[in-house]
Structures are given as C-alpha cells and as structure tokens.
Amino acid sequence: MSGGASFEFRFDDETIHAEEGQSIGAALIAAGHRSWRSTRIEGAPRGLFCGIGVCFDCLVTVNGRPNRRACLMEAMPGDQVRTQEGAGRGDLSC
Amino acid sequence: MAGSNRSPDVVVIGAGVVGAACAYYCSLAGLSVTVIERGAIGGGTTSACEGNILLSDKEPGPELDLALLSSRLWEEIAGEMGAERLEYESKGGVVVAASAAGADGLRRLTAAQRGAGVEAVDVSYGEVTELEPNITRDVVSGAYYPQDSQVQPVLATARLLQHARARGVTVLTGTEVTGFWRDARGALIGVETNSAEAPVIRAGRVVNAAGTWSGQLSELAGAPVPVLPRKGFILVTEPLPRVIRHKVYSADYVANVASGEAGLESSVVVEGTRAGTVLIGASRERVGFDRSMSLPVLRRLAAQAIAVFPFLAEVALLRSYLGFRPYCPDHLPVIGADPRAPGLLHATGHEGAGIGLSAATGHLIAQVVAGTEPDLDLTPFRPDRFEEAIG
C-alpha cells in the first residue's frame with residue numbers, strides 16, 4: 001500500500017523514481033537494478049541479499065558516505081546514490 | 001580415541017593457545033601427550049583477543065625475557081609451518097606520545113628496552129607520520145618496534161595442535177576434568193573426566209593450561225594459584241582498505257598493562273587485519289566473569305581510537321567482543337612445577353599477553369617435563385610464590 005508522494009533521486013547517471021517511505025534498495029530493485037556494489041577482493045556484483053539489515057551485502061555510497069545499507073536507508077528526494085567499489089574508502093588507503 | 005594413549009607421559013588441561021603450545025613442544029621433545037579440553041579448541045580467551053606478539057608494551061624484567069624468547073620461537077614456528085598458515089605477520093608496532101611528558105617517558109622506556117635486547121627505535125613526529133600516514137597530527141614523538149608481530153590466534157592454536165597430532169598427540173574436546181588422582185604420597189598420577197570413553201587418564205605429569213579458569217582447576221588439584229578474570233572489550237570496524245600499517249597505540253597503554261587498579265582502564269591499541277576490519281582494543285576491568293555489554297566502555301575506546309586516527313570518526317563499527325584475561329596479582333604468569341603437588345605443572349596467568357607468551361611457555365614446560373635445564377630462570381614464575389607473599 002503506497003499512496004505517498006513520489007519523487008526522484010540519482011543513481012550514478014540515472015534518475016530513479018521512488019515513493020515516500022521506500023528504501024533505496026527497494027527503489028533500485030523496482031527500477032530493474034540487481035547490484036550496486038562490487039566486492040573488495042574479487043570485484044563480484046552485490047545487491048540485496050537478506051533485505052533486513054543483517055548481512056551488509058547491499059552496501060552503497062549515499063551522498064558521499066560509503067557503506068550505507070540500501071535495504072535500511074529510506075530514499076530521500078535528491079539523494080545522490082553511487083555504485084560502491086570495494087570498501088568505498090579508497091581515499092584512505094595507504 | 002583412547003586406544004593408543006591410555007597413559008601418556010603428559011596430560012595437558014586446556015586446548016587454548018597455551019595448552020596447544022605445551023602439547024606442541026612436549027611432543028617435539030618425544031613425550032606422549034593427551035590434551036583435554038572441556039569446550040572447543042581455542043574456545044576461551046584465545047578466541048577473544050587480538051593475537052598480539054608484543055615486546056613494545058613490556059618493561060625490562062622476567063616477562064620481557066619470556067616475551068623475547070617467545071618472539072624468537074614464534075618466528076621459528078612461522079618459518080617451519082609457513083607464515084601464511086597461521087597468518088603470522090611481522091608488522092611492527094608504533095607507540096605514539098601525545099605530550100612532552102609522555103614523550104620523555106617513552107624515550108626512557110625505549111632506552112631500557114634496548115638495554116634488554118629489544119629493537120626499539122625512537123622516531124620523530126615526521127617519522128611517525130611516514131610510518132602511519134593517517135595518524136593524528138597531535139603527536140609529539142613515537143617509538144617504532146620492528147619485532148612486534150601477530151598471528152590469527154585460533155588458527156595458530158589449531159596449527160600447533162595439528163602438528164602435535166601428527167606426532168601422536170591425542171586431543172579430547174568436550175571433555176572436562178572433574179578430579180585429580182593422587183598416590184599415597186600425594187603426588188598427582190592422573191585426572192578424572194566426565195567422558196564415558198576416558199573417565200580416568202593416568203599420566204606422569206599434568207599441566208594446568210586452563211587459562212582464566214585455571215584458578216578454579218588449581219583449587220581442585222589442591223594447589224591453588226590466584227588466577228582471576230580481567231574483562232576486556234575489543235571493537236571491530238567495517239572492512240576498509242589498508243589504512244593502518246602497524247599496531248599503533250598510545251604510550252598510556254604500557255602504564256595500564258602494568259596497573260593494579262581495580263576499576264575501568266582503557267588505552268587504545270588500533271590495528272588493521274587481513275580481513276580489512278580494524279580492531280580497537282582494549283579495556284581492562286576487574287568485574288569477575290560478567291559478560292554484560294557496557295556502552296560507556298565502548299564509547300571510551302572509540303573516542304580514544306578517534307583521537308589517534310581521526311578518520312575513524314566516519315567509520316562504522318560492526319560489532320564488539322570481549323574476553324576474560326587470566327591475571328595474577330603480580331601480573332606475572334605462572335609457569336613450572338608445583339612443589340605442593342608433585343606431578344602438577346602450571347602454564348597460566350598470562351593476562352593479555354597469552355598468545356605472545358605461549359610459545360616460550362610451552363617450550364619451557366617441555367624442558368621441565370623432559371628434565372633438561374630451562375632456557376630461562378623460572379623462579380619469578382613459580383606457582384607457590386603467592387603463599388610466600390601472604391606469609
């Protein structure tokens with residue numbers, strides 16, 4: 001049951017439609033995306049697995065902050081969501 | 001299971017890292033050994049620590065001598081087994097001082113440690129930031145300890161036992177010692193267990209390597225040693241790329257390790273792991289075997305870690321874990337034969353340094369059992385020293 005306002009956010013170079021209260025993960029799945037992260041070692045694709053905040057598989061970079069759980073984060077109008085490479089902290093690597 | 005070895009030369013109680021090292025070195029010396037463990041291999045404090053093999057946190061004295069011997073033995077073990085197989089990493093330690101007074105104290109410590117044979121290099125602010133590019137700029141100076149290293153503790157324990165088994169050692173897990181057998185003169189001649197398959201195991205020597213629980217066991221044997229639990233929390237961050245190169249800690253840590261304070265103490269030790277997570281230890285509290293979570297302690301550790309590595313403020317914690325470090329009132333381990341109970345030896349009381357000190361402990365226990373001259377004078381570690389202190 002929805003009925004809330006719909007809005008848009010950005011996923012890489014794409015515009016994603018979401019409804020109020022929807023998680024980023026749910027909106028991405030509804031838009032046909034199954035993965036939005038690559039693993040740290042093998043570079044394998046990852047998206048929703050448990051969908052309830054336990055497995056940390058669906059990590060994604062949201063508004064510049066890496067390792068957000070897409071299944072728990074409510075989508076907000078204007079969010080900038082980006083595919084995450086590995087740990088998403090390459091800037092700190094030394 | 002019980003067939004080949006009903007009466008081994010040595011029964012080792014406890015399959016943590018210390019018991020495993022005792023089995024490893026006793027079997028290397030040609031002795032037959034049975035290890036008895038009430039839970040799983042490495043299931044106690046061994047699986048609730050960081051795997052440190054440190055020289056940097058020890059002042060000159062018997063414990064540093066033990067650590068120097070153990071550091072050499074771990075290097076030898078890693079060379080023989082292959083460092084990868086126990087995740088042995090000789091990554092080095094960096095200690096930082098945040099004040100002029102701290103820097104003076106650290107320089108005095110390194111000078112004394114160098115005199116005792118430790119490689120301890122005084123480093124400037126600039127050198128600290130080269131060693132650790134992500135470290136806080138609020139550092140006065142530091143010290144670099146190239147010999148500090150680590151293993152994955154449960155893996156290392158399993159490898160020691162794997163090699164011991166290849167030499168014929170029997171390991172009985174899920175088996176608890178429920179009593180001791182003595183002969184008419186009071187000497188220990190074996191143990192009783194709760195196992196239907198091996199209810200009694202006779203042995204020439206019994207080694208108490210039950211870690212934090214060895215105090216209770218020593219009472220059961222009629223030769224008490226005061227080993228008590230000291231609780232420590234460790235925080236685990238989300239996986240990161242390599243952001244921290246060494247074991248990094250504040251100069252306060254050395255003071256805390258040697259402290260006799262009963263209340264909460266914490267001084268931070270931060271390091272990366274092969275899995276990518278960063279470990280942040282370690283608090284120390286004397287609260288018995290209380291497993292409850294303490295948010296204030298976790299907050300304090302996190303704040304101290306952020307003070308050393310400011311980027312951690314933006315990093316998420318995945319979890320925390322806690323362990324009970326086996327400590328003695330004088331903060332020295334108990335290693336050697338117990339004159340109050342002939343046949344009984346202790347290998348316990350290593351507090352937060354059990355992984356590091358285990359190799360030397362096992363080696364020395366094997367020398368005592370085999371009747372050869374121990375590489376170190378065991379007088380400071382003797383089991384009956386606490387009775388003398390009481391008078």
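Just so it is clear, the structure is predicted and the values come from calculations on it, not from any experiment.

**Considerations on the nonpolar core**
Consideration 1: Among the nonpolar cores identified, the biggest contains 114 residues, and Cys22(B), Ala23(B), Val270(B) and Ile365(B) are the most heavily contacted of them.
Consideration 2: Here this core takes 9 residues from helix α1 (residues 17-28) of chain B, the largest share from any one element.
Consideration 3: Beyond its immediate sequence surroundings of up to four residues, Cys22(B) is in contact with Val12(B), Val207(B), Ala209(B), Ala347(B), Gly362(B) and Ile365(B).
Consideration 4: Residues Phe11(A), Val60(A), Val62(A) and Val81(A) belong to the second largest nonpolar core, which totals 17 residues.

**Regarding the packing of α1(B) against helix α9 (residues 354-370) of chain B**
Residues and elements named next belong to chain B.
Consideration 1: Across the interface, α1 lies against α9 with an axial gap of 7 Å and an inter-helix angle of 35°. The way α1 lies across α9 gives a crossing that is right-handed. In this structure, α1 uses Val17, Val18, Ala21, Cys22, Tyr24, Tyr25, Cys26 and Leu28 to contact α9, whose residues at the interface are Gly354, Ile355, Ser358, Ala359, Thr361, Gly362, His363, Ile365, Ala366 and Val369.
Consideration 2: Of the residues that constitute the contact of α1 with α9, the class distribution is 13 nonpolar, 5 polar and no charged.

**Overview of the sheet that holds strand β2 (residues 33-36) of chain B**
Residue and element names in this part refer to chain B.
Consideration 1: With mixed pairing, the 6 strands of this open sheet are ordered in space as β8-β2-β1-β12-β19-β18. Each end of this open sheet is capped by a strand with a single partner; those strands are β8 (170-172) and β18 (334-337). With strand direction ignored, the average angle separating the axes of adjacent strands in the sheet is 20°.
Consideration 2: Note: strand β1 (residues 10-13) against strand β12 (residues 205-208), 4 bridges, orientation parallel. Residue isoleucine 13 lies in a different strand from β12, and its bridge partner there is asparagine 208.
Consideration 3: Against the sheet, α9 touches β1, β12, β18 and β19 (344-348), its axis set at about 15° to β18.

**Some words on helix α2 (residues 62-81) of chain B**
Residue and element names in this part refer to chain B.
Consideration 1: Its 20 residues place the ends of α2 28 Å apart at the C-alpha level, agreeing with the 28 Å of an ideal helix rising 1.5 Å per residue.
Consideration 2: Here α2 has its buried residues at Glu63, Leu66, Ala67, Ser70, Ser71, Leu73, Trp74, Ile77 and Ala78.
Consideration 3: The secondary structure elements touched by the buried residues of α2 are β3 (52-53), β7 (149-150) and α9.
Consideration 4: Residue glycine 82 follows α2 closely and has a positive phi angle near 100°.

**A few points about the sheet that holds strand β2 (residues 14-19) of chain A**
All names here are of chain A.
Consideration 1: Pairing is mixed across the open sheet formed by 5 strands, whose spatial order is β2-β1-β7-β5-β6. For this open sheet the edge positions go to β2 and β6 (65-69), each flanked by a neighbour on one side alone. Within the sheet, the average angular offset between the axes of one strand and its neighbour, ignoring direction, is 40°.
Consideration 2: Taken together, the 6 bridges between strand β1 (residues 6-11) and β2 define a ladder with antiparallel strand orientation.

**Focus on the domain arrangement of chain B**
Residue and element names in this part refer to chain B.
Consideration 1: If you check the domain split of chain B, you get domain 1 (10-49 + 153-227 + 331-390), domain 2 (93-146) and domain 3 (228-327).
Consideration 2: Averaged C-alpha coordinates put domain 2 and domain 3 at centres separated by 20 Å.
Consideration 3: Listed by partner, the interface residues are 15 residues for domain 2 and 15 residues for domain 3.
Consideration 4: Listed by contribution, the elements that provide at least two residues to the side of domain 2 that touches domain 3 are β4 (93-97) and α3 (100-115).
Consideration 5: Class assignment for the residues of the side of domain 2 that touches domain 3 results in 9 nonpolar, 5 polar and 1 charged.

**What about the interface of chain B and chain A?**
One frequent convention defines the size of an interface as the accessible area lost when the parts assemble.
Consideration 1: Each partner contributes residues to the interface: chain B has 12 residues there, and chain A has 8 residues.
Consideration 2: Considered class by class, the residues forming the side of chain B that touches chain A number 7 nonpolar, 2 polar and 3 charged.

**Examining the confidence of the model for chain B**
Consideration 1: When the pLDDT values of chain B are averaged, the result is 93; 94% of them are 70 or greater.
Consideration 2: Reported confidence for the predicted complex is 0.78 by ipTM and 0.90 by pTM.

**Some remarks on the packing of α2(B) against α9(B)**
Residue and element names in this part refer to chain B.
Consideration 1: Relative to each other, α2 and α9 sit at 90°, their axes nearing to 7 Å. It follows from the interaxial angle that α2 and α9 lie roughly perpendicular. Note on element contacts: α9 touches α2 through Gly356, Leu357, Ala359, Ala360 and His363, opposite Leu66, Ala67, Leu69, Ser70, Leu73, Trp74 and Ile77.

Cut-offs and rules
- Residues numbered from 1 in each chain as written.
- Chains lettered and ligands numbered in written order.
- Predicted model: local features only at pLDDT ≥ 70, side-chain atom pairs only at ≥ 80, totals over all residues.
- Core = buried A, V, L, I, M, F, W, Y, C linked by C-beta atoms within 7 Å.
- Buried ≥ 20, exposed ≤ 12 C-beta atoms within 10 Å, placed from the backbone.
- Helix = DSSP H or I, 4+ residues; strand = E, 2+ residues; numbered from the N terminus.
- Contact = placed C-beta atoms within 7 Å.
- Axes fitted to C-alpha atoms, helices over the stretch in contact; angles between N-to-C directions.
- Left-handed = near helix turned anticlockwise from the far one by under 90°.
- Nonpolar A, V, L, I, M, F, W, Y, C, P; charged D, E, K, R; others polar.
- Pairing = 2+ DSSP bridges.
- Expected span 1.5 Å × (residues − 1).
- Domains from an automatic or database assignment.
- pLDDT = per-residue confidence, 0-100.
- Parallel < 35°, antiparallel > 145°, perpendicular 65-115°, else oblique.

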